[in-house]
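Structural description and commentary
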Amino acid sequence: MSSDGDAKPWETQRRGLLLLVSSPAGAGKTSLSRRLVADHADMTLSISWTTRAARPGEEEGREYFFVDRAAFEAKIADGGFLEWAEVNGNLYGTPGAAVMEALLDGKDVLFDIDWQGAKQIAEKTPDDSVRVFILPPSWEDLSRRLHARAQDSEEVIAQRLLLGKEEIAHWGLYDYVIVNKSFDRAYADLGHIYRAERMKPGRNTWLPTFVEGLLRE
Ligand code: 5GP
């Protein structure tokens, strides 16, 4: 990374994109998303607020900010969420200030979010949003992956599978669909989508001046 003094225009004058990634639970969305963020210094993950209890291994501020319903509702009343939705009886929301801060900082933001949230954000910021849906290769595979996590009871797994059907039913709202047959292949595809979307002229506000300079030579 260059120091501020010799930063190239394409490192600083860019318009951040919002990468909205949805899937049924167990299709690999979280692993794919976190890997993409880890591999790109100019991308950050939006950390949601939720009223659901933390699962074993989850940490405050890493997977979610875990809050009670009263705190969540107070933030709704303050207009503090870019979007929020109820999923399986729990509230989930994207804090708007953190997203704005990241965009102003020249970062792209990835959202691991359900179809309701992706729809709301894409409606608010159609030019900046890119929606990607991850499908499992088969229903058996999805069910096997949820069981393999061994995090949830049989009843909770059945509930998550049912919810997964509802999530999949909204696949048509998305710009891109990846079938996660192998992690490496799906990860490469997600990376290609991200790279291609980054190259759209409207996201590279340095381009007009750069081209003007080329033509002056
Ligand atoms: P989980 O409880 O398994 O972590 O998440 C349940 C669902 O809520 C997932 O589909 C996840 O992507 C979605 N989700 C997580 N954060 C948000 C959020 O801020 N807004 C919305 N609308 N959905 C979210």
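Described below are features of the structure shown in this document. Nothing here was measured: the structure is a model prediction, and the numbers come from that model.

**Overview of helix H2 (residues 29–39)**
In an α-helix, one full turn covers 3.6 residues, which means residues spaced three or four apart are oriented alike. For H2, the full list of buried residues reads Lys29, Leu32, Ser33, Leu36 and Val37. Along the long axis of H2, the arc covered by the buried residues comes to 130 degrees, so they all point the same way. In this fold, the buried residues of H2 make contact with strand E1 (18–22), strand E2 (43–45), strand E7 (108–112), strand E8 (129–135) and helix H8 (183–198).

**Things to note about unusual backbone geometry**
Its identity is not glycine, yet Asn88 carries a phi of approximately 55 degrees, on the positive side. With respect to the element layout, Asn88 can be found in the loop between strand E5 (81–87) and strand E6 (90–95). Asn88 sits in the partly exposed class, given a relative accessible area of 37%.

**A look at the packing of helix H6 (residues 139–149) against helix H7 (residues 154–168)**
In contact at an axis separation of 10 Å, H6 and H7 are set at 140 degrees when each is read in the N-to-C sense. Between H6 and H7, the interaxial angle falls into the category oblique. At the point where H6 passes H7, the crossing takes the right-handed sense. For the pair formed by H6 and H7, the contact residues are Trp139, Leu142, Ser143, Leu146, His147 and Arg149 on the first element and Glu154, Ile157, Arg160, Leu161, Lys165 and Ile168 on the second. Among the residues making up the contact of H6 with H7, the classes are represented as six nonpolar, two polar and four charged.

**What about the layout of surface pockets?**
Here the largest pocket is characterised by a volume of approximately 990 Å³. Along the walls of the largest pocket sit 38 residues, with Lys29, Thr30, Tyr64, Asp112 and Arg160 positioned nearest its centre. Those elements giving two or more residues to the lining of the largest pocket turn out to be H2, E5, E6, E7, H6 and H7. Residue contributions to the lining of the largest pocket peak at five residues, all from H7. Here the residues of the lining of the largest pocket are counted per class, giving 11 nonpolar, 13 polar and 14 charged.

**A word on H7**
Taking 1.5 Å of rise per residue, 15 residues should cover 21 Å, and H7 covers 21 Å from first to last C-alpha, within 8% of that figure. Taken together, the buried positions of H7 are Ile157, Arg160, Leu161, Gly164, Glu167 and Ile168. Taken around the axis of H7, the buried residues stretch over an arc of 115 degrees, which confines them to a single face. H7 presents Glu155, Leu162 and Lys165 as exposed residues on the side facing more than 90 degrees away from its buried surface. Next to the buried residues of H7 lie E1, helix H5 (115–124), E8 and H6.

**Concerning the sheet that holds E8**
Strands sit in the order E2-E7-E1-E8-E9 across an open sheet of five strands; the sheet is parallel. At either end of the open sheet lies a strand with only one pairing partner, and these are E2 and strand E9 (176–179). The sheet shows a mean angle of 25 degrees between the axes of neighbouring strands, taken without regard to direction. Bridging between E2 and E7 involves three bridges; their strand directions are parallel.

What counts, and at which threshold
- Residues numbered from 1 in each chain as written.
- Predicted model: local features only at pLDDT ≥ 70, side-chain atom pairs only at ≥ 80, totals over all residues.
- Heavy atoms only, no water.
- Buried < 20%, exposed > 50% of the residue type's maximum accessible area, 1.4 Å probe, protein only.
- Helix = DSSP H or I, 4+ residues; strand = E, 2+ residues; numbered from the N terminus.
- Arc of directions from axis to C-beta.
- Contact = heavy atoms within 4.5 Å.
- Axes fitted to C-alpha atoms, helices over the stretch in contact; angles between N-to-C directions.
- Parallel < 35°, antiparallel > 145°, perpendicular 65-115°, else oblique.
- Left-handed = near helix turned anticlockwise from the far one by under 90°.
- Nonpolar A, V, L, I, M, F, W, Y, C, P; charged D, E, K, R; others polar.
- 1 Å grid on protein atoms, 1.4 Å probe; cavity = no way out; pocket = protein on both sides within 12 Å on 5 of 7 lines; lining within 4 Å.
- Points joined across faces, edges and corners; volume = space filled by probe spheres on them.
- Expected span 1.5 Å × (residues − 1).
- Pairing = 2+ DSSP bridges.

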